[in-house]
Amino acid sequence: MACTFDRTDPLGGLPPKHVLEDGGYSPVFTDKLKLEEALQFCKATLEDNLKANINLVRVSAPLFVTRASGFNDNLNGTERPATFEPRDFPGTHLEVPFSLAKWKRWALHYYNVEAGKGLVTDFRGLRCDDDVDYTHSLYVDQFDWEKHIDPKDRNVEYLKETVKGIYKAFYDTEQAMKEKFGIEPVLPEEVHFATSDDMIKEFPHATPKERENILCKKHKAVFFIGIGGMKEDGQLRHDGRAPDYDDWITERPDGGFGLNGDFLVWNPVLQQSFELSSMGIRVNPEVLLKQLDLCHVPERKEFVWHRMLLDGTLPQTIGGGIGQSRSCQFFLRCAHIGEVQHGWYNPKEVEQLKEHNIFLLGLGEFESDPAAKST
């Protein structure tokens, strides 16, 4: 999802102005235990639908990996991972992953998963450099999934078929939320496909976020194909992507580039586009080397994970991450992601939120950390 966070605004993480107007927002759940029940139901239903629709099996996952392994997801390549050294092993750097984009592909090899089947994990991570606002937090929880595919399925048609299965999981989850909690559904029965290449041609002067809003307001649910890489003018085509998981350079039959994309929906509370997931067909050895060179990080090919991909140990895959808190924020019609997860947010914004009937979970609701000055 293209971000519009304004770092020059001391309250830039607040929801849109219309949400903060008098009567602009009323939470669906005011009872905290009822909210927790809805959160657990939403996550369990979505996971079960996802496993059934695209043939996944739940497995356990690591909370940290070694820096030397190269298994951490590099996101846009500039973010700092949360890092620590074990007491008795100084010099050993362990990192909390940003996501399991690389680990999952290794896990398919580790568990010897056959083509046509995949894995899903209940991933928890930290992103110290994320913009902390009403849709982003430092704490990341997502259904990280990866599926073994045949090399012949590295094409846009297979991508779209997988997208349809995932979208049905979203659609059916929303229907289940209506049945159990009475929340009126807003998703259409089918997802609309669009490409960043076509949207740039049609709206050359619009920002990435504006293009997303145009699409989602019209179609309500969109899979936006082609994320990552540069335009001819040297600017990002739409949003950044690391060079070593999604394939964002392969040319498609429509003349555009990339075998990846973002799931976007129109959020009725926020009145804007809203990302639920990013996913894509992963790099093969040839694409990996090209994308590493394009991002000026060819040295990564010496990492353990990269060597395993280049020598053919790791299978061809498709995969992605589905935000658990982000999905719950959408399905429970919440104005702020802090209403559905325990996190930390700008204390000045927390006070503003409470004045407008938006109450965050747990310590996120406190103006300041009561232990901040302890020694």
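Residues numbered from 1 in each chain as written. Predicted model: local features only at pLDDT ≥ 70, side-chain atom pairs only at ≥ 80, totals over all residues. Heavy atoms only, no water.

A. Fine view of the overall build of the chain. Per the secondary structure count, the chain includes 10 helices and 11 strands. Among the 375 residues that make up the chain, the fraction classed as buried is 53%. Within the chain, contacts between residues separated by at least 24 positions form 71% of all contacts whose residues are at least 6 apart in sequence. Split by element, the accessible area of the chain, about 17,400 Å² in all, is 52% carbon and sulfur. Within the chain, the 60 negative side-chain charges are centred at a point lying 2 Å from the centre of the 44 positive side-chain charges. (Helix = DSSP H or I, 4+ residues; strand = E, 2+ residues; numbered from the N terminus. Buried < 20%, exposed > 50% of the residue type's maximum accessible area, 1.4 Å probe, protein only. Contact = heavy atoms within 4.5 Å. Areas by Shrake-Rupley, 256 points an atom, 1.4 Å probe, with all protein chains shown as cover. Lys, Arg positive; Asp, Glu negative; His and termini not counted. Charge placed at Lys NZ, Arg CZ, Asp CG, Glu CD.)

B. How the structure looks around helix α10 (residues 347-355). Among the residues of α10, Glu349, Val350 and Leu353 are the ones counted as buried. Projected down its long axis, α10 carries its buried residues within an arc of 105 degrees, all on one side. Every exposed residue of α10 that faces more than 90 degrees away from the buried side is listed here: Lys348 and Glu355. N-cap assignment for α10: the residue whose side-chain oxygen lies 3.0 Å from the backbone N of Lys348 is Asn346. In the stretch just after α10, Asn357 is the one whose phi turns positive, near 70 degrees. (Arc of directions from axis to C-beta. Polar contact = N/O pair within 3.5 Å; in protein donor to acceptor, adjacent residues only side chain to side chain.)

C. Highlighting the environment of Trp106. By the element assignment, Trp106 lies in helix α3 (residues 101-110). In this structure the C-alpha to C-alpha distance between Trp106 and Thr313, which are 207 residues apart in sequence, comes to 8.7 Å. With residues near it in sequence (within four places) discarded, Trp106 still touches Phe71, Trp305, Met308 and Leu314.

D. Representation of the packing of aromatic side chains within the structure. Going through the model one piece at a time under the given rule, you end up with 12 aromatic pairs. Geometrically, the ring pair formed by Phe41 and Phe181 is edge-to-face, given 5.7 Å between the ring centres and 75 degrees between the ring planes. You can see Phe41 sitting in helix α2 (residues 32-54) and its partner Phe181 sitting in helix α4 (residues 156-181), a full 140 residues away along the chain. The interplanar angle of 65 degrees and the centroid separation of 5.9 Å between the aromatic rings of Phe71 and Trp106 together place this pair among those described as edge-to-face. A residue pair is termed long-range when its members are at least 10 positions apart, and Phe71 in the loop between β2 (65-66) and β3 (83-84) and Trp106 in helix α3 qualify at 35 residues. Through a chain of ring-to-ring contacts, the aromatic side chains of Phe71, Trp103, Trp106, Tyr110 and Tyr111 assemble into a single cluster. Stacked on the ring of Phe41, the Lys or Arg Lys180 has its end atom at 5.5 Å from the ring centre. (Phe/Tyr/Trp six-rings, centres within 6.5 Å; stacked < 30°, edge-to-face > 60°. Lys NZ or Arg CZ within 6 Å of the ring centre and 35° of its normal.)

E. Geometry of the pattern of salt bridges. Here the structure, examined in full by the defined rule, presents 29 salt bridges. Between Arg58 and Glu47 there is a salt bridge; the shortest N-O distance is 2.8 Å. With Arg58 in strand β1 (residues 56-58) and Glu47 in helix α2, the pair connects residues that are 11 residues apart, well separated along the chain. Here Glu47 falls in the buried class, since its relative accessible area comes to 9%. Between Glu351 and Lys354 there is a salt bridge whose closest N-O contact spans 3.0 Å. Of this pair, Glu351 and Lys354 both sit in helix α10, 3 residues apart, which is roughly one turn of the helix. With a relative accessible area of 26%, Lys354 lands in the partly exposed category. Within this structure, Lys104, Asp144, Glu146, Arg241, Asp246, Asp262 and Arg282 form a network of salt bridges that share partners. (Salt bridge = Lys/Arg side-chain N within 4 Å of Asp/Glu carboxyl O.)

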